[in-house]
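Now for the letters of each chain:
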There are 2 protein chains.
Amino acid sequence: MSSKKLLPPKTGDLSDWYTSVIALADLADYGPAKGTMIIRPYGYAIWERVVSELDAEIKLKGVDNAYFPLFIPMSLLQKEADHVEGFAPELAVVTHGGGEELEEKLVVRPTSETIMYQSYSKWVQSWRDLPILINQWNNVVRWEKRTMPFLRTSEFLWQEGHTAHATHSEAEEMQMWGIKTYAKIYRDFFAMDGYEGYKSKSERFAGADNTLTYESLMPSGKALQACTSHDLGQNFSRPFDISFQDKEGVMQNVWQTSWGFSTRSIGGLVLAHGDDNGLRLPPKLAPIQVIIVPVKPQDSGLVEYCKKLYDALNGQVRVKIDMRDDESFGYRLNKWEVKGVPLIFKIGNKEAEAGQVTAKRRFDGIDVAIDASEVLTATLAQLSDIQDTMLKASQQHLMAETREAKNYAEFKTILKEHRGFIKVYWNDDPIIEKQIKDETKATSRCMPLSLQGGKGIDFMTGKPSKDVWLFAQSY
Amino acid sequence: MSSKKLLPPKTGDLSDWYTSVIALADLADYGPAKGTMIIRPYGYAIWERVVSELDAEIKLKGVDNAYFPLFIPMSLLQKEADHVEGFAPELAVVTHGGGEELEEKLVVRPTSETIMYQSYSKWVQSWRDLPILINQWNNVVRWEKRTMPFLRTSEFLWQEGHTAHATHSEAEEMQMWGIKTYAKIYRDFFAMDGYEGYKSKSERFAGADNTLTYESLMPSGKALQACTSHDLGQNFSRPFDISFQDKEGVMQNVWQTSWGFSTRSIGGLVLAHGDDNGLRLPPKLAPIQVIIVPVKPQDSGLVEYCKKLYDALNGQVRVKIDMRDDESFGYRLNKWEVKGVPLIFKIGNKEAEAGQVTAKRRFDGIDVAIDASEVLTATLAQLSDIQDTMLKASQQHLMAETREAKNYAEFKTILKEHRGFIKVYWNDDPIIEKQIKDETKATSRCMPLSLQGGKGIDFMTGKPSKDVWLFAQSY
C-alpha cells in the first residue's frame, strides 16, 4: 500500500492534508495530554538544523545562552499588567509539589520576561553592567483550545532572546537585528519569502511598545506570523526596577527587547512547500538530502554500485541508501517523496551499466541524469539549484499574491476572490481593526518596512495616510 | 574588594564554600520558586560544551534526537508499579490549564519512560522496526526538600536516551555503551576519574532490572553518583505492550534501556576541582581558556601588545582580554581565579618589552614564561598538559581514597578516619544495606566492573562472596 495514496490532496481540505502529511512523513505524533505533540526524529532533525544555524547567528551577535526556571511564581507574572492580562487565559498552573499543596501557585512559563527580569534587576547596577544580552533555548506552555501540530500546540520549543540596554536607540537596533536575522534564516534556509514589518496596536505582544514580525504567505492565501521581535520600552524595567547609574551618576531604567523563533516555523515549512505528494524540503534543512533507492536491493551488484555513490557523497552530503527488501521499488520512491527528500536517486541495472544516476528533483519532479564519475559536484550543484529555485518560487508567490485595495469594497472583493496579502493605506486604529476582523476574518499582518514612503488615502476612513499596511486572513 | 576574600575556605564548611563559589564565579543563581536554579551564561557555557561532546557521541552510535511532551497524564505514569512508587513523592502536578480545572491531572515529567513508551508501543510492530534508538535533551522536575545548586535542584537539564531492542543481549550492550560513554566524557573532559559499576537492589532506578552508575569521589571523601544507565528488561514493555513479530512470526516484548546525564555533573565539577581560591576548570570545558590581563588597561602600548597575543590565539583557543579600567590588576586576577580560567596571562611592561608572557596555570598556581613569538603552540601545549595533570590528580585521589575493609569494624573505622570509598566483599542484601545506612550514613555506591574476579568473605555476614562492592557516604 503506497503512503502516497493515504495522503489526501493539498488542494482539498488543507487541514486534513496537513495533519496527514505530518503523520505519514514521520514528522510528529500527538502526545497523550491535550494539545501536546511528540516531535519525531525526522521532524526534530529539521529543528536541530534550524537551532544550529540560528544559534550561530545569536552567538556572533555576542548574545550568551543561559537557562531560567520553568516555574514562575504567580505573583511575579502579575508584575506587568498588560503582560499578565495577555497570558492569563493560556496558563498551565502547578498547584501541588512533592505531595503537598503549594503555598503559592506556580505558572509553567508561557514566556520568560518576568522570571528573567527579576534577575536582571539584581545584575544591573551600573552602565558597565550593560548591555545584558541573554538568550535561552527552551520549552514553553500556552494552553490552546484549538491545536494543530507545530502551528499551534500547548507546548512548543523556541529560543527567547532578552536584552537590556542603556538607551532606547540601542534597544531598537537590537530589536531590528532580531527580525532581520529571522528573515535571513527564513529566506536562506526555509526558502520562505515574507514581509518584515511592525504589528498594529491590536496585534502586538502583551507588554511591548511595538512588535516587529516576519509574515509569510501560505499557498492557501493565508498569512503565517513566523516569528516576532519586541521593543519592550521601559514597560518591564519600571515594575521590575531594572535601573543603573549612568556615566554621569544619574539613575535610569534600562530599555529592553525580546525576540523569539519557535517550532511553529516547521509548520510553516510544511504548509509553504508541501504538495499533493507530501513534503518538499529545502536542501539546507533536509535531514536527508539524497536518498539512493536501488530498484532491486537483493541484487548485490546494484547494491555495490549504490554504495560507491554513497561513499562519493557521504561527509559532504546527508545521504542514505534504502535497502528495504520487503517494500517494492514504487513504494519506496513514494515513501521518500512523502518525506520530501530533495534528490531521489533511482538506480536500476540501466543506470549501473551506464555509470549513471537518474536523480529526481523532488521540488519540481524533474529527472536529471548525472554521471557517476562526477556525482559529488553534480549533486552539490543540484542541491544548491533546488534551494534557489524554491526561494524564487516563494518570492514569486508572495509578489503575485500581494494586491492593492483603495477602499473596503475592493478589499472585500480581493479577499473573496483571492485571499493573499492586501496592501492598503491605513491609520492604525484598534476599533476599526476589530470591525474588519469581525466582518472579514482578516487582520492587519504588518506595516512592512520595505513598502513605506508614499502617501495615500486610508482605505477605511478616507483620511490621508502615509502608512502602508498588509492585511490577510491568517493561521 | 577582592571576590577571593568573600570566598570561605574549601576546607571549612564545604557547603558554604560550594554555594559561595557558584555565586562568585557567576555559574548560577537561585530561582524564585523553591529549589529552582538560574544557570547563568558562564555556567551554561560549560553545559553547552558537555552537550556538544556528548551529543556527538550519541549521534555516532546511531541514536536519533527527538522531543516528547513535558506533561504526562497521571494514569500513564501509573502503568509501571515500581516506577510510580519511586517517583510519586517527587512529582509536580498541573491541575489547571487555560483557566479551568483539568479532568485529569498532569505530571511535569520527572523522567520520560512512560510517555515515550506509549509511543514506542504504537511504532513497533515487526522486528524490522527495531531497534528504536531515541534520545532527548530536555528539562525534568523532581520536587526536592533539600536542594543545592546543580547537585540537587527541583528542575534540572539532562539528556535521556531510551532504546528498545529485539534481544536482551542487545539491550545489555546498549546499557554498557551508555555508561562507558559517560565515563569517557567524565575522564576526558571533566578530568574526573571514577568507578563504573552496578547499583545494589536498594539503589537502582525505579523500574529497572539493574542500573550501571559512574561513581566519582569528591575531595571531602563523599561519593557522587554522576550518571546512570539502566537495563529495564521487559518491565515497561509488558504493561505498555511494546511487542513485535520476530523473524519467525512469534510475538515478543522488546528489551529496553534508558540512560541519563544531567547538569548535576557541573556540581561535581565544581566540588571535584575547586580550591580555596575558587573554581578550577579543565581546559576542555572552560568557556574561557585564556584570559589576558594587562596590568594597566589605560596604557595603549600594553593593550596593543595584548591584542597581538589575542589575535595569535583567537580561533584556536577560547581567549578574552580584560580591559576593565575601574578594577585594580589584583582584583582582576582574583576574579579570573575564582572563575577558574585555566591560563591567566599577566601582562605588564616587563613582559611587553621582553616579548614575553607570564602565564599562571590556575590548577597548580605555577607561573610559566612563554615567548610571544610562539604563543599559540605554547598555549595549546599548556592547556593540554593542564588537562592531563588534572585527570592524573583525580586518578591518584581515587586510588589513595579507596581502602579495603574485611569486616564491619574496619569499615566503620575507615569511615570515621577517612571517609572515601571502602572496598568490601558483600552479597547484595537490601535489609543489611538499610542497617549499614542507618548506622553509618554510608551506602553501597556500586559493584565496580574493574574490581571483580576474586573470592572473599562478606564483610557483614562472614559468608563466602565473590562480589566486590564499594561503599561510601554520598551527595
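(A) Structural context of the packing of helix 9 (residues 300-313) of chain A against helix 12 (residues 375-400) of chain A. Residues and elements named next belong to chain A. Where helix 9 contacts helix 12, the two axes come as close as 9 Å, and the packing angle between them is 65°. In terms of orientation, helix 9 lies roughly perpendicular with respect to helix 12. Of the two possible hands of crossing, helix 9 and helix 12 adopt the one that is right-handed. Between helix 9 and helix 12, the contacting residues are Leu309, Ala312 and Leu313 on the first element and Val375, Leu376 and Thr379 on the second. Looking at the contact of helix 9 with helix 12, its residues break down into five nonpolar, one polar and no charged.

(B) Region of the structure containing the relation of the copies chain A and chain B. Superposing chain A onto chain B takes a rotation of 180° plus a shift of 0.0 Å along the axis, which leaves an RMSD of 0.0 Å. Both copies of the chain, as the preceding transformation shows, are related through a two-fold rotation axis. Within chain A, Val94(A) has its C-alpha nearest the rotation axis, a separation of 2.1 Å.

(C) Representation of the sheet that holds strand 18 (residues 356-361) of chain B within the structure. All names here are of chain B. Pairing is mixed in the open sheet, where five strands are placed in the order 16-15-17-18-19. Every interior strand has two partners, whereas the edge strands, strand 16 (319-321) and strand 19 (367-371), have only one. Taking the axes of each pair of neighbouring strands and ignoring which way they run, one obtains an average angle of 25° across the sheet. Inspection of the sheet shows strand 15 (residues 290-294) paired to strand 17 (residues 343-347) by five bridges, in the parallel sense. Counted as the bridge partner of isoleucine 291 is isoleucine 344 from strand 17. Helix 9 (residues 300-313) contacts strand 15, strand 16, strand 17 and strand 18 of the sheet and is inclined by roughly 170° relative to strand 15.

(D) Spatial organisation of the pairing of strand 15 of chain B. Residues and elements named next belong to chain B. Here strand 15 lies mainly inside the structure; five of its five residues are buried. In strand 15, alternate side chains face the same way, and those of Val290, Ile292 and Pro294 on one face and Ile291 and Val293 on the other are all buried. Regarding the hand of the β-α-β motif, the stretch spanning strand 15, helix 9 and strand 16 is right-handed.

(E) Up close: helix 3 (residues 41-60) of chain B. Residue and element names in this part refer to chain B. Taking 1.5 Å of rise per residue, the 20 residues of helix 3 would be expected to cover 28 Å, and the 28 Å separating its terminal C-alpha atoms lies within 8% of that figure. Within helix 3, the full set of buried residues consists of Gly43, Tyr44, Ile46, Trp47, Val50, Leu54 and Ile58. Buried residues of helix 3, seen end-on, are gathered within an arc of 150° and therefore sit on one face of the element. Those residues of helix 3 that are exposed and aimed more than 90 degrees away from the buried face are Ser52, Ala56 and Leu60. Remark: glycine 62 follows helix 3 within two positions and exhibits a positive phi of approximately 90°.

(F) How the structure looks around the domain arrangement of chain A. Residues and elements named next belong to chain A. Along its sequence, chain A is carved into domain 1 (3-71 + 109-273), domain 2 (290-383) and domain 3 (402-472). At the interface, seven residues of domain 1 touch six residues of domain 2. Of all the secondary-structure elements, those providing two or more residues to the side of domain 1 that touches domain 2 are helix 1 (3-6) and helix 2 (14-24). Of the residues contributing to the side of domain 1 that touches domain 2, the split by class is five nonpolar, one polar and one charged.

(G) Representation of the confidence of the model for chain A in the model. On average, residues of chain A score 95 in pLDDT, and 99% of them are at 70 or above. Scored by ipTM, the complex comes to 0.96, with pTM at 0.96.

(H) Examining the environment of Arg318(B) more closely. Residues and elements named next belong to chain B. Inspection of the secondary structure assignment puts arginine 318 in the loop between helix 9 and strand 16. As for arginine 318 and phenylalanine 189, which are separated by 129 residues in sequence, their C-alpha atoms are 15 Å apart. Filtering out sequence-adjacent residues up to four positions away, arginine 318 remains in contact with Ala286, Pro287, Ile288 and Gln289.

(I) Representation of the nonpolar core in the model. Counting residues in each nonpolar core, the largest one holds 269 residues, and the members touching the most others are Phe345(A) and Phe345(B). Apart from residues no more than four positions distant in its own chain, Phe345(B) is found in contact with Val290(B), Ile291(B), Ile292(B), Val293(B), Leu309(B), Val357(B) and Ala359(B).

(J) Quick look at the interface of chain A and chain B. Taken together, the contacts link 46 residues of chain A with 46 residues of chain B. Broken down by element, the side of chain A that touches chain B gets its largest block of residues, six residues, from strand 5 (residues 92-97) of chain A. Considering only residue class, the side of chain A that touches chain B consists of 26 nonpolar, 11 polar and nine charged. Examined bridge by bridge, strand 5 of chain A and strand 5 (residues 92-97) of chain B share five bridges and lie antiparallel to one another. Paired with His96(A) across the strands is Val93(B), a residue of strand 5 of chain B.

(K) Structural view of the sheet that holds strand 5 of chain B. Across the sheet, six strands lie side by side as 4(A)-6(A)-5(A)-5(B)-6(B)-4(B); this open sheet has antiparallel pairing. One side of each edge strand has no neighbouring strand; the edge strands of this open sheet are strand 4 (71-73) of chain A together with strand 4 (71-73) of chain B. Strand-to-strand, the axes of this sheet are offset by a mean angle of 45°, without reference to chain direction. Pairing analysis gives three bridges linking strand 4 of chain B to strand 6 (residues 100-108) of chain B, with the strands arranged antiparallel. Paired with Phe71(B) across the bridge in strand 6 of chain B is Val108(B).

(L) Representation of unusual backbone geometry. Cis geometry marks the peptide bond from Leu130(A) to Pro131(A); its omega dihedral reads -5°. Topologically, Pro131(A) is positioned in the loop between helix 6 (113-123) and strand 7 (132-141). Unusually for a residue other than glycine, Ala191(A) sits at a positive phi of about 55°. Its location among the elements puts Ala191(A) in the loop between helix 7 (168-188) and strand 9 (194-198). Residue classification places Ala191(A) among the buried positions, given that 27 C-beta atoms sit within 10 Å. Even without a glycine there, the phi angle at Arg419(B) is positive, about 60°. Along the chain, Arg419(B) falls in the loop between helix 13 (408-417) and strand 21 (421-425). Classification of Arg419(B) by C-beta neighbours within 10 Å gives partly exposed; the count is 19.

(M) Region of the structure containing the pairing of strand 5 of chain A. Residue and element names in this part refer to chain A. Across four bridges, the pairing between strand 5 and strand 6 (residues 100-108) is antiparallel. The partner of valine 93 across the bridge, within strand 6, is valine 107. Where strand 5 folds back onto strand 6 in an antiparallel hairpin, the turn is made up of two residues, including glycine 98, whose phi is positive at roughly 55°.

Definitions and limits used
- Residues numbered from 1 in each chain as written.
- Chains lettered and ligands numbered in written order.
- Predicted model: local features only at pLDDT ≥ 70, side-chain atom pairs only at ≥ 80, totals over all residues.
- Axes fitted to C-alpha atoms, helices over the stretch in contact; angles between N-to-C directions.
- Helix = DSSP H or I, 4+ residues; strand = E, 2+ residues; numbered from the N terminus.
- Parallel < 35°, antiparallel > 145°, perpendicular 65-115°, else oblique.
- Left-handed = near helix turned anticlockwise from the far one by under 90°.
- Contact = placed C-beta atoms within 7 Å.
- Nonpolar A, V, L, I, M, F, W, Y, C, P; charged D, E, K, R; others polar.
- Least-squares fit on C-alpha atoms with pLDDT ≥ 70 in both.
- Pairing = 2+ DSSP bridges.
- Buried ≥ 20, exposed ≤ 12 C-beta atoms within 10 Å, placed from the backbone.
- Right-handed = clockwise from strand over helix to strand, strands pointing away.
- Expected span 1.5 Å × (residues − 1).
- Arc of directions from axis to C-beta.
- Domains from an automatic or database assignment.
- pLDDT = per-residue confidence, 0-100.
- Core = buried A, V, L, I, M, F, W, Y, C linked by C-beta atoms within 7 Å.

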